[in-house]
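# Structural characterization, general
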Amino acid sequence: SAVISQKPSRDICQRGTSLTIQCQVDSQVTMMFWYRQQPGQSLTLIATANQGSEATYESGFVIDKFPISRPNLTFSTLTVSNMSPEDSSIYLCSVESGGANEQYFGPGTRLTVT
Amino acid sequence: LAKTTQPISMDSYEGQEVNITCSHNNIATNDYITWYQQFPSQGPRFIIQGYKTKVTNEVASLFIPADRKSSTLSLPRVSLSDTAVYYCLVGISGGYNKLIFGAGTRLAVHP
């Protein structure tokens, strides 16, 4: 298993600003994933972050809006840039356990943009 | 990745067995079936995974018929703490695999 922490747990931000969310894992992992979950909705995959290479973004998400860093095997950041109220959501990171279709999720970051 | 279809919501009472069925008509030969549970204000949690027939662990059982076009998550004797959203996912097990979440089933357990 893996224990994942995220910072901040929640934040209220003004329109036009940016917020960087941190994701820390207690073990080394190859792949980290970033999801968005809007209130009452399911999870939507934003991108996959592989250490040492550019993140792979899903349709509808672009690097300029959601830049991701993956400096080592235990850490990743997701930045939500030039925020608008539509970016208000919960952002979650996850990692995959070795050899199984089983992912461990962080507690999420609740973002409110005013 | 095969699309999944689940009931939007279900209601049950404490002590009852709950069965949540998921349809995945386009499941591929290499696809596994995985279920996640999500409580409010938490990230999803892996419950169980299977390929065919029946899988059981300390939390739930997963029944998969021979044609694998559907699966049923069975929760024995639910309690109030089982109130959550349950997601059925289909994909290849092993190695890198991105998870595509469907709408999930919102289970409400009543006293």
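Provided above is the structure to which this section pertains.
Residues numbered from 1 in each chain as written. Chains lettered and ligands numbered in written order. Predicted model: local features only at pLDDT ≥ 70, side-chain atom pairs only at ≥ 80, totals over all residues. Heavy atoms only, no water.

Here we come to the overall build of chain B. Along chain B, the regular secondary structure elements total zero helices and nine strands. Listing the helices and strands of chain B from first to last along the sequence gives β-β-β-β-β-β-β-β-β. Expressed as lengths along the three principal axes of its C-alpha atoms, the size of chain B is roughly 40 × 30 × 25 Å. Taken over 111 residues, chain B has a buried fraction of 44%. Taking contacts inside chain B between residues at least 6 apart in sequence as the whole, the part at least 24 apart equals 58%. For chain B, the exposed surface amounts to about 5,500 Å²; the carbon and sulfur share of it is 51%. Counting 9 positive and 7 negative side-chain charges, chain B places the averaged centre of each group 9 Å from the other. (Helix = DSSP H or I, 4+ residues; strand = E, 2+ residues; numbered from the N terminus. Buried < 20%, exposed > 50% of the residue type's maximum accessible area, 1.4 Å probe, protein only. Contact = heavy atoms within 4.5 Å. Areas by Shrake-Rupley, 256 points an atom, 1.4 Å probe, with all protein chains shown as cover. Lys, Arg positive; Asp, Glu negative; His and termini not counted. Charge placed at Lys NZ, Arg CZ, Asp CG, Glu CD.)

This brings us to the state of the cysteines. In this structure the tally under the stated criterion is two disulfides over all chains. Sulfur-sulfur distance for the disulfide between cysteine 23 of chain A and cysteine 93 of chain A comes to 1.9 Å. Residues cysteine 23 of chain A and cysteine 93 of chain A are joined through a disulfide that is right-handed, its torsion about the S-S bond being 75°. Here cysteine 23 of chain A is found in strand 3 (residues 19-25), whereas its partner cysteine 93 of chain A is found in strand 9 (residues 89-96), with 70 residues between them in sequence. Judged on exposure class, the residue cysteine 23 of chain A and its partner cysteine 93 of chain A are both buried. Disulfide pairing places cysteine 22 of chain B opposite cysteine 88 of chain B at an S-S distance of 2.2 Å. Judged by the torsion about the S-S bond (-80°), the cysteine 22 of chain B/cysteine 88 of chain B disulfide is left-handed. Of this pair, cysteine 22 of chain B sits in strand 2 (residues 18-23) while cysteine 88 of chain B sits in strand 8 (residues 84-92), and the two are 66 residues apart along the sequence. (Disulfide = S-S within 2.5 Å.)

With that settled, the discussion passes to the side chain of serine 71 of chain B. All names here are of chain B. Within the secondary structure, serine 71 is located in strand 7 (residues 70-75). Its relative accessible area of 0% is what places serine 71 among the buried residues. Within polar-contact distance, the side chain of serine 71 engages the side chain of histidine 24 at 3.0 Å. Once residues lying within four places of it in the same chain are set aside, the contact partners of serine 71 are Ile20, Thr21, Cys22, His24, Ile33, Trp35, Leu62, Phe63, Ile64 and Cys88. (Polar contact = N/O pair within 3.5 Å; in protein donor to acceptor, adjacent residues only side chain to side chain.)

Purely spatial values, then, with no claim about function.
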